[in-house]
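Fold and geometry: a report
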Amino acid sequence: DGGITQSPKYLFRKEGQNVTLSCEQNLNHDAMYWYRQDPGQGLRLIYYSQIVNDFQKGDIAEGYSVSREKKESFPLTVTSAQKNPTAFYLCASSGQTGASNQPQHFGDGTRLSIL
Amino acid sequence: AQSVAQPEDQVNVAEGNPLTVKCTYSVSGNPYLFWYVQYPNRGLQFLLKYITGDNLVKGSYGFEAEFNKSQTSFHLKKPSALVSDSALYFCAVRDIRNFNKFYFGSGTKLNVKP
């Protein structure tokens with residue numbers, strides 16, 4: 001079955017540590033996204049990528065970094081500069097402009113907490 | 001700017017009764033609108049979409065949504081609620097100037113009581 005796989009499901013970060021969240025998709029989608037979800041605040045866009053080796057900052061990119069070396073993979077690194085990283089992180093993908101009527105597909109998220 | 005608003009943080013309904021979860025939008029041009037559902041500790045699941053055509057859109061799990069251009073609304077409805085419908089619901093709009101961006105409402109928690 002096609003879908004998006006996020007790992008790990010739960011992650012703990014120590015002070016001063018960088019952590020990387022994995023996101024892999026086998027839907028052959030060009031675009032991939034990272035969202036942060038906090039209680040009562042809905043989804044906020046961190047980064048998105050339209051094609052391999054290209055990505056754009058979203059609304060809350062500070063303290064985060066991404067890479068897009070393969071079409072299937074879009075890992076997110078939460079750096080030590082992100083002072084409030086505790087949240088639920090969601091990865092999504094969607095088809096390109098020619099598939100503009102298609103929705104996003106989401107993974108099941110990674111819950112990040114501070115130790 | 002493109003945006004959506006969900007005016008209710010929470011909606012409570014008794015099982016068997018009809019339910020409505022409200023969404024209003026603000027876009028330039030014709031909107032591409034979506035509804036998603038999220039269960040605890042899970043990702044968002046697509047329910048239905050409006051792109052063009054009939055104003056009443058039918059989706060998964062018996063849900064439907066009514067597009068109203070004059071009121072800029074896209075309310076989610078179901079004729080008879082189930083306890084298992086209890087979840088968090090998100091309305092979203094696709095940016096027609098940049099199809100790779102979506103804007104989400106803040107979410108509405110639906111509680112269906114037996």
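One structure accompanies this document, and this report is about it. (Residues numbered from 1 in each chain as written. Chains lettered and ligands numbered in written order. Predicted model: local features only at pLDDT ≥ 70, side-chain atom pairs only at ≥ 80, totals over all residues. Heavy atoms only, no water.)

Inspection of every chain in the model, using the stated rule, returns seven salt bridges over all chains. Notably, a salt bridge pairs Asp 38 of chain A with Arg 36 of chain A, separated by 2.8 Å at the nearest N-O pair. Classification of Asp 38 of chain A by relative accessible area gives buried; the value is 11%. For Arg 36 of chain A, a relative accessible area of 5% gives the class buried. Residue Lys 77 of chain B pairs with Glu 66 of chain B through a salt bridge whose shortest N-O separation is 3.0 Å. Note that Lys 77 of chain B is positioned in strand β9 (residues 73-78) and Glu 66 of chain B in strand β8 (residues 64-68), a separation of eleven residues in sequence. For Lys 77 of chain B, a relative accessible area of 27% translates into the label partly exposed. Take Glu 66 of chain B: its relative accessible area is 36%, and that puts it in the partly exposed class. Where salt bridges share partners, they join Arg 36, Asp 38 and Arg 44 of chain A into one cluster. (Salt bridge = Lys/Arg side-chain N within 4 Å of Asp/Glu carboxyl O. Buried < 20%, exposed > 50% of the residue type's maximum accessible area, 1.4 Å probe, protein only. Helix = DSSP H or I, 4+ residues; strand = E, 2+ residues; numbered from the N terminus.)

Now for the side chain of Ser 73 of chain A. Turning to its location among the elements, Ser 73 of chain A is positioned in the loop between β7 (64-66) and β8 (76-78). Here Ser 73 of chain A is in contact with Cys 23, Glu 24, Met 32, Ser 67 and Arg 68 of chain A, once residues within four sequence places are set aside. (Contact = heavy atoms within 4.5 Å.)

Any covalent bond linking the sulfur atoms of two cysteines counts as a disulfide. Enumeration over the complete set of coordinates arrives at two disulfides over all chains. The side chain of Cys 23 of chain A participates in a disulfide bridge whose partner is Cys 91 of chain A; the two sulfur atoms lie 1.9 Å from each other. A torsion of -75° about the S-S bond marks the disulfide between Cys 23 of chain A and Cys 91 of chain A as left-handed. Linking Cys 23 of chain A in strand β3 (residues 19-25) with Cys 91 of chain A in strand β9 (residues 87-94), this pair joins segments that are 68 residues apart in sequence. Shown here is the disulfide that connects Cys 23 of chain B with Cys 91 of chain B, its sulfur atoms set 2.0 Å apart. Taking the sign of the torsion about the S-S bond as the criterion, the disulfide between Cys 23 of chain B and Cys 91 of chain B, at about -65°, is left-handed. Of the two residues, Cys 23 of chain B is situated in the loop between β3 (19-21) and β4 (24-26) and Cys 91 of chain B in strand β10 (residues 87-94); the sequence distance between them amounts to 68 residues. For the residue pair Cys 23 of chain B and Cys 91 of chain B, the accessibility class agrees, reading buried in each case. (Disulfide = S-S within 2.5 Å.)

Accessible area lost upon the coming together of the parts is a frequently used measure of interface size. Between chain A and chain B, the contact holds 28 residues from the first and 22 residues from the second. Summing both sides of the interface, chain A and chain B together bury roughly 2000 Å²; the carbon and sulfur share of this comes to 50%. Here chain A is connected to chain B by one salt bridge. Of the charged contacts, one joins Asp 108 of chain A and Arg 42 of chain B as a salt bridge, the two residues approaching to 3.1 Å between their closest N and O atoms. (Buried area = accessible area lost by both parts, 1.4 Å probe.)

What follows concerns the nonpolar core. Residues and elements named next belong to chain B. Within the largest apolar cluster, 26 residues are counted, with the highest numbers of intra-cluster contacts made by Trp 35, Leu 47, Leu 48, Phe 74, Leu 76 and Tyr 89. Of all the elements in the fold, those that place two or more residues in this core are β2 (10-14), β3, β5 (32-38), β6 (44-50), β8, β9, β10 and β12 (108-113). Ranked by residues supplied to this core, first place goes to β10 with four residues. Once you skip the residues sitting within four places of it in the chain, Leu 48 turns out to touch Leu 33, Phe 34, Trp 35, Val 57, Lys 58, Gly 59, Phe 63, Glu 64, Ala 65, Phe 74 and Leu 76. (Core = buried A, V, L, I, M, F, W, Y, C linked by side-chain atoms within 4.5 Å.)

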